[in-house]
Amino acid sequence: MMDRVPAQTSVPDWLMTYCRQLADVHHGRRLNRMYEFMLNGFLKMEPWKATPPLEWRQSRVHGSATLVAYRGTGGDPGWVPMNMMLPVELAERIRQTIEMINVNGGMWNTGQKLSMRTFLYTAVYWWCSFVHPYKGPGIMQD
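Values in this document were obtained by computation on a predicted structure and should not be read as measured data. (Residues numbered from 1 in each chain as written. Predicted model: local features only at pLDDT ≥ 70, side-chain atom pairs only at ≥ 80, totals over all residues. Heavy atoms only, no water.)

### Some details on the overall build of the protein chain
Here is step 1: Per the secondary structure count, the protein chain includes five helices and two strands.
Here is step 2: Going residue by residue from the N terminus, the α and β elements of the protein chain occur as β-α-α-α-β-α-α.
Here is step 3: Considering only contacts within the protein chain whose residues lie at least 6 apart along the sequence, 71% involve residues at least 24 apart.
Here is step 4: Element-wise, carbon and sulfur atoms account for 53% of the exposed surface of the protein chain, whose accessible area totals about 8600 Å². (Helix = DSSP H or I, 4+ residues; strand = E, 2+ residues; numbered from the N terminus. Contact = heavy atoms within 4.5 Å. Areas by Shrake-Rupley, 256 points an atom, 1.4 Å probe, with all protein chains shown as cover.)

### Some thoughts on the nonpolar core
Here is step 1: Core analysis: the largest hydrophobic core is formed by 36 residues, its most contacted members being Leu39, Met84, Leu86, Ile94, Phe119 and Val124.
Here is step 2: Looking at this core, the elements with two or more residues in it are β1 (4-12), α1 (13-26), α2 (31-45), β2 (79-87), α4 (88-103) and α5 (116-131).
Here is step 3: Apart from residues no more than four positions distant in its own chain, Ile94 is found in contact with Leu39, Leu43, Leu86, Met116, Phe119 and Leu120. (Core = buried A, V, L, I, M, F, W, Y, C linked by side-chain atoms within 4.5 Å. Buried < 20%, exposed > 50% of the residue type's maximum accessible area, 1.4 Å probe, protein only.)

### Brief notes about the packing of α2 against α4
Here is step 1: It is the contact of α2 with α4, at a shortest axis distance of 11 Å, that shows an interaxial angle of 35°. α2 and α4 meet at a crossing whose hand is left-handed. Taken together, the residues of α4 that come into contact with α2 (itself represented by Glu36, Leu39, Asn40 and Leu43) are Leu90, Arg93, Ile94 and Thr97.
Here is step 2: Looking at side-chain class alone, the contact of α2 with α4 contains four nonpolar, two polar and two charged residues. (Axes fitted to C-alpha atoms, helices over the stretch in contact; angles between N-to-C directions. Left-handed = near helix turned anticlockwise from the far one by under 90°. Nonpolar A, V, L, I, M, F, W, Y, C, P; charged D, E, K, R; others polar.)

### With respect to the environment of Arg4
Here is step 1: Residue placement: Arg4 occurs in strand β1.
Here is step 2: Overall, the relative accessible area of 33% leaves Arg4 in the partly exposed class.
Here is step 3: Counting along the chain gives 82 residues from Arg4 to Leu86, while the straight-line C-alpha distance between them is 5.1 Å.
Here is step 4: What Arg4 contacts, discounting residues up to four positions off in sequence, is Glu36, Met85, Leu86, Pro87 and Val88.
Here is step 5: Looking at Arg4, its side chain comes within polar contact range of the side chain of Glu36, at 2.8 Å.
Here is step 6: A polar contact of 3.0 Å, which involves the side chain of Arg4, links it to the backbone oxygen of Met85. (Polar contact = N/O pair within 3.5 Å; in protein donor to acceptor, adjacent residues only side chain to side chain.)

### With respect to the packing of α1 against α5
Helices that pack against each other are described as a pair by the angle of their axes relative to one another and the distance between those axes.
Here is step 1: Running from N to C, α1 and α5 point in directions that differ by 60°, and their axes come no closer than 11 Å. Here α5 runs oblique to α1, going by the angle between their axes. Pair α1 / α5 crosses with left-handed handedness. Between α1, through Leu15, Tyr18, Cys19 and Leu22, and α5, the contact on the second element is made entirely by Tyr121, Val124, Trp127 and Cys128. (Parallel < 35°, antiparallel > 145°, perpendicular 65-115°, else oblique.)

### Some details on the state of the cysteines
Here is step 1: Taken as a whole and judged by the stated rule, the model has zero disulfides.
Here is step 2: Free of any disulfide, Cys19 has its nearest cysteine sulfur in Cys128, 3.7 Å distant.
Here is step 3: According to the relative accessible area criterion, Cys19 is buried, its value standing at 0%.
Here is step 4: A relative accessible area of 6% means that Cys128 is categorised as buried. (Disulfide = S-S within 2.5 Å.)

Here it is, written out as structure tokens:
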């Protein structure tokens, strides 16, 4: 069995639902299988180097509506955690890519450092916006 490591980002709740649907249709109901396929494609395509480049998408802190309502804190209730279990080799390739991006000026060449959370959320955004764009309810087909 392949060793795996956890990786987490946050996504809007509707995007998590759509990812589950994509995994159901295209990856045998295996979210982690889809995440691996998605991230390998993202690393291969390098859309952040395209012309024009894909902009980095910063995830928000996920939270519950209860915490926000009663404490005024706790993150965004419209966002949920996306927990991935990635093969060690894939996680290391992602870390190396993030390090290279950061050495070369970071996000948007402003010096702001790219994080794993931002990298993962941008990959999910790319996957669901460009590779498998949402076309409305009832359109999911294999």
